[in-house]
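One-letter residues, chain by chain:
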Amino acid sequence: MTVLVAGTDTAEGQAAYAYALQEAARRGEELLYFGLSGEQPSPQTAAEAGVQQSYAQPDARGKDGIGDLLDTAERTGASVIVVGIRQRTPASKFIMGSAAQQIILQANTPVLCVKPGMKPR
């Protein structure tokens, strides 16, 4: 099985990656970093945590990176999807959606939500 993390270059994405590393180590599973934006983390970070890490990214020709992430979760048989979340105001929820919200609502795989500052157990 695989722990799939929705990777971004935000504080939320970095928190999700750190938590996903710990979760993959705890479960004895591989970590699949699905890069939605920004840089890929160093494989050395995962190796130091004792986790095998691989990378995936959205189809460059497509327009739906979140759909690609959800398809990847299904295809790989991911045991959990880890996403970073942040506090949003009611107005921002009304005006625009959230990638994390779309993942939470549409995933057929359990979703673990992480806030910046959360410490893995």
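These remarks concern the structure in this document. Everything numeric in this text was worked out from a predicted model, so none of it was measured.

## Re the packing of helix 3 (residues 65–76) against helix 5 (residues 99–106)
Then, in step 1: At their nearest, the axes of helix 3 and helix 5 sit 10 Å apart, and the two run at 35° to each other. In terms of crossing hand, the pair formed by helix 3 and helix 5 is right-handed. On helix 5, the residues that touch I66, L69 and L70 of helix 3 are A99, Q102, I103 and Q106.

## Structural notes on the packing of aromatic side chains
Then, in step 1: For the coordinates displayed, the defined rule picks out 2 aromatic pairs.
Then, in step 2: With a centroid separation of 5.7 Å and an interplanar angle of 80°, the aromatic rings of Y17 and Y33 are classed as edge-to-face. Of this pair, Y17 sits in helix 1 (residues 11–27) while Y33 sits in strand 2 (residues 30–35), placing them 16 residues apart in sequence. Of the two residues, Y17 and Y33, both sit in the buried class.
Then, in step 3: An angle of 70° between the planes, with centres 6.2 Å apart, marks the rings of Y33 and Y55 as edge-to-face. Residue Y33 is found in strand 2, and its partner Y55 is found in strand 3 (residues 53–56); the two are separated by 22 residues along the sequence.
Then, in step 4: Classification of Y33 by relative accessible area gives buried; the value is 4%.
Then, in step 5: Residue class for Y55 comes out partly exposed when judged on its relative accessible area of 28%.
Then, in step 6: Members of the aromatic cluster, connected to one another through ring pairs, are Y17, Y33 and Y55.

Conventions used here
Residues numbered from 1 in each chain as written. Predicted model: local features only at pLDDT ≥ 70, side-chain atom pairs only at ≥ 80, totals over all residues. Heavy atoms only, no water. Axes fitted to C-alpha atoms, helices over the stretch in contact; angles between N-to-C directions. Helix = DSSP H or I, 4+ residues; strand = E, 2+ residues; numbered from the N terminus. Left-handed = near helix turned anticlockwise from the far one by under 90°. Contact = heavy atoms within 4.5 Å. Phe/Tyr/Trp six-rings, centres within 6.5 Å; stacked < 30°, edge-to-face > 60°. Buried < 20%, exposed > 50% of the residue type's maximum accessible area, 1.4 Å probe, protein only.

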